Amino acid sequence: MAFERNMNPKKTPMPTQDAEKRSHNFEEVALGYTYEMAVSEARRCLHCKNKPCQSACPVAIDIPGFIGKIAEEDLQGAWEILSASTALPAVCGRVCPQEHQCEGKCVRGIKGEPVGIGRLERFVADWHNAQADQTTEKPEANGHKVAIVGSGPAGLTCAGELAKMGYEVTVYEALHQAGGVLVYGIPEFRLPKRIVAQEIEGLKKLGVKVETNMVIGKVLTIDDLFDMGNEAIFVGSGAGLPRFMNIPGENLKGVYSANEYLTRVNLMKAYQQDSKTPIQRSRKVAVVGGGNVAMDAARCARRMGADEVTIVYRRSMNELPARKEEVEHALEEGIAFKTLSDPIEVLGDENGFVCGLRCIKMELGEPDESGRRRPVPVKDSAFDMEVDAVIVAIGTSPNPLIRKTTPGLETNKRGCIITEDEGGLTSRDGVYAGGDAVTGAATVILSMGAGKEAAKAMDAYIKEKNS
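Residues numbered from 1 in each chain as written. Predicted model: local features only at pLDDT ≥ 70, side-chain atom pairs only at ≥ 80, totals over all residues. Heavy atoms only, no water.

## Comments concerning a positive patch on the surface
Residues Arg243, Arg314, Arg374, Lys413 and Arg414 make up a contiguous surface patch of positive charge. Assignment of secondary structure puts arginine 243 in the loop between strand E5 (241-242) and strand E6 (255-257). (Patch = residues over 30% accessible without salt bridge, like charges linked within 9 Å, V, L, I, M, F, W, Y side chains within 5 Å. Areas by Shrake-Rupley, 256 points an atom, 1.4 Å probe, with all protein chains shown as cover. Salt bridge = Lys/Arg side-chain N within 4 Å of Asp/Glu carboxyl O. Lys, Arg positive; Asp, Glu negative; His and termini not counted. Charge placed at Lys NZ, Arg CZ, Asp CG, Glu CD. Helix = DSSP H or I, 4+ residues; strand = E, 2+ residues; numbered from the N terminus.)

And the structure:
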């Protein structure tokens, strides 16, 4: 390679909106690399022989390959390598937890900072999406038909893989807009919806059909989809059923699940003046939880005009499961963290509205099954917080509609669909599943990996059935 390596131990910083300015708008926080930044960062890659970054990627992108093309200033070559392995590069470049996957295994990270793999993925995808002369060649049809339930990352990935193989693919989405959690769960300032729309348009050019307002289990059942000529079905319906704390006062006005709150903000655009699905403006908001969803809800509440937003988390800052970058952005935007605290009651006024949150202090004991130290209540340590809204972000589980309307489909005690192997085969012949519907709430890239593996398994199943 005829270029000089960049041996700077630190990755090229990502330009961002000013924290004070961005905390009052829904425009994207991270602004993306310039061409010069991307080339410079790509030249930090050592092109290790055993490619540890690639082995840590759930969809097995040839990471040194596409980065090498950027370093050589061949962006079209970088796109071709990248798009061969992932259907949603512009999405993954923005929301994947690279620090726990590809970047977590980067050799440059041993004595410095890893290569900014996610930032480079985003750069290449955005460059491609900005090209006016994009052409997508529709694959030759193979005469077989499949159905995909859910248009989140698992469903879209599975659909794209099968479409490339020549299948007639129809995606059924329950909501009025395709994208699943990418449009209703992740805020505009982290993942602009135009990016999701572009990725979906790319799949449509491959021949994928998308039908919205189709609640499978109600409008049609899994058996109906088979009766319509589908030879295999993938269920990637996500985990949209929120969990609550089961404490007194959770039925008061002003208590939201993070799912409802984020859907109102992201999908229904509650932040716009003319929104048909508004949210009551709150002054002091408590968000219960410590994951990425909690950070998203807190940062949305700040942008919705709250004077004070506090994350209430029962462990310490060291145990927060949210991405480091999201926590840092939240702190920069003025989000407060009340750690080692656990809610025990939502307090209400005489009109049934939230007026406070009663918590108890916690201390950390021995590690639990997650490997994190278990939070233990401190006796006689209850205290009250003055709040007028509480957003509960402590996890989700799959909606029970599909399992209740699909005879023979086995699920576990959490309502997650049981699968036999990485290919996602369920207890029903010809029915495959993956993503949050199987694992419970997880990451976008893990759902994509499941969708990709399921597509391979479905293709093998249909070929064997017709041999």
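## Side note on the packing of helix H12 (residues 258-267) against helix H13 (residues 292-303)
Interaxial distance between H12 and H13 falls to 10 Å at its minimum, and their mutual angle equals 50°. For the element pair H12 / H13, the angle class is oblique. Crossing handedness for the pair H12 and H13: left-handed. Taking contact as the criterion, the partners of Ala258, Tyr261, Leu262, Val265 and Asn266 in H12 are, on H13, Val293, Asp296, Ala297, Cys300 and Ala301. (Axes fitted to C-alpha atoms, helices over the stretch in contact; angles between N-to-C directions. Parallel < 35°, antiparallel > 145°, perpendicular 65-115°, else oblique. Left-handed = near helix turned anticlockwise from the far one by under 90°. Contact = heavy atoms within 4.5 Å.)

## Side note on the packing of helix H4 (residues 63-71) against helix H7 (residues 117-130)
Remark: H4 packs on H7, axes separated minimally by 11 Å, with the N-to-C direction vectors making an angle of 60°. Considering their axes alone, H4 and H7 lie oblique with respect to each other. Every pair of crossing elements has a handedness; the one defined by H4 and H7 is left-handed. On the side of H4, the interface is formed by Ile63, Phe66, Ile67 and Ile70, while H7 contributes Ile117, Leu120, Glu121 and Val124. Grouping the constituent residues of the contact of H4 with H7 by class yields 7 nonpolar, no polar and 1 charged. (Nonpolar A, V, L, I, M, F, W, Y, C, P; charged D, E, K, R; others polar.)

## Some points on the pairing of strand E4 (residues 232-235)
Residues Ala232 and Phe234 point to one face of E4 and Ile233 and Val235 to the other, with burial holding for every one of them. Examined bridge by bridge, strand E1 (residues 145-149) and E4 share 4 bridges and lie parallel to one another. Residue pairing across strands places valine 146 opposite alanine 232, the latter belonging to E4. Strand direction decides the pairing type here: E4 and strand E16 (residues 431-433), joined by 3 bridges, are parallel. Within E16, the position partnered with isoleucine 233 by the bridge is valine 431. (Buried < 20%, exposed > 50% of the residue type's maximum accessible area, 1.4 Å probe, protein only. Pairing = 2+ DSSP bridges.)

## Overview of the packing of aromatic side chains
All told, the structure shown has 4 aromatic pairs when counted by the stated rule. Residues tyrosine 256 and tyrosine 261 carry aromatic rings whose centres are separated by 5.4 Å and whose planes lie at 75° to one another, so their mutual orientation is edge-to-face. In this structure, tyrosine 256 and tyrosine 261 share a single accessibility class: buried. Ring plane angle 65° and centroid distance 6.0 Å describe the contact between tyrosine 432 and tyrosine 461, whose orientation is recorded as edge-to-face. Here tyrosine 461 lies in helix H17 (residues 444-465) and tyrosine 432 lies in strand E16, a separation of 29 residues in the sequence. (Phe/Tyr/Trp six-rings, centres within 6.5 Å; stacked < 30°, edge-to-face > 60°.)

## Some details on a nonpolar patch on the surface
Together, Met7, Leu46, Val107 and Ile110 make up an exposed nonpolar region whose accessible area comes to about 370 Å². When you line up the elements, leucine 46 lands in the loop between helix H2 (35-42) and helix H3 (52-55).

## Description of the sheet that holds E6
Reading across the sheet, the 5 strands line up as E6-E14-E7-E8-E9 and stay open at both edges, with parallel pairing between neighbours. Each having just a single partner strand, E6 and strand E9 (336-338) make up the two edges of the open sheet. Pairwise comparison of adjacent strand axes, ignoring direction, gives a mean angle of 25° for this sheet. Here 5 bridges tie strand E7 (residues 284-288) to strand E8 (residues 308-312), and the two strands are oriented parallel to one another.

## Regarding the sheet that holds E4
Strand order in the open sheet formed by 5 strands is E3-E2-E1-E4-E16, with parallel pairing between adjacent strands. With one partner strand each, in any of the chains shown, strand E3 (209-211) and E16 form the two edges of the open sheet. Across the sheet, the mean angle separating the axes of adjacent strands is 20° when strand polarity is ignored. The pairing of strand E2 (residues 168-172) with E3 spans 3 bridges and is parallel. By the bridge assignment for E3, valine 171 is matched with valine 210. Against the sheet, helix H8 (residues 153-164) makes contact with E1, E2 and E4, and its axis sits at roughly 165° relative to E1, the strand it touches most.

## Focus on the nonpolar core
Core analysis: the largest hydrophobic core is formed by 71 residues, its most contacted members being Phe66 and Ile70. For this core, the leading source of residues is H17, giving 8 residues. Setting aside chain neighbours within four positions, we find isoleucine 70 in contact with Ala38, Val39, Ala42, Leu75, Ala78, Leu120 and Val124. (Core = buried A, V, L, I, M, F, W, Y, C linked by side-chain atoms within 4.5 Å.)

## A few points about the side chain of glutamate 231
Inspection of the secondary structure puts glutamate 231 in the loop between helix H11 (222-227) and E4. One buried charged residue, glutamate 231, forms no salt bridge at all, with the nearest opposite charge on lysine 465 at 5.5 Å. A distance of 2.7 Å separates polar atoms of two side chains, one belonging to glutamate 231 and the other to histidine 144. If near-sequence neighbours (up to four positions away) are discounted, glutamate 231 is found in contact with Gly143, His144, Lys145, Phe226, Tyr461, Ile462, Lys465 and Asn466. (Polar contact = N/O pair within 3.5 Å; in protein donor to acceptor, adjacent residues only side chain to side chain.)

## Regarding the pairing of strand E13 (residues 383-386)
The two faces of E13 differ: Phe383 and Met385 on one face are buried, but Asp384 and Glu386 on the other face are not. Across 4 bridges, strand E11 (residues 354-367) lies against E13 in antiparallel orientation. The residue bridging arginine 358 from the neighbouring strand is aspartate 384, located in E13.

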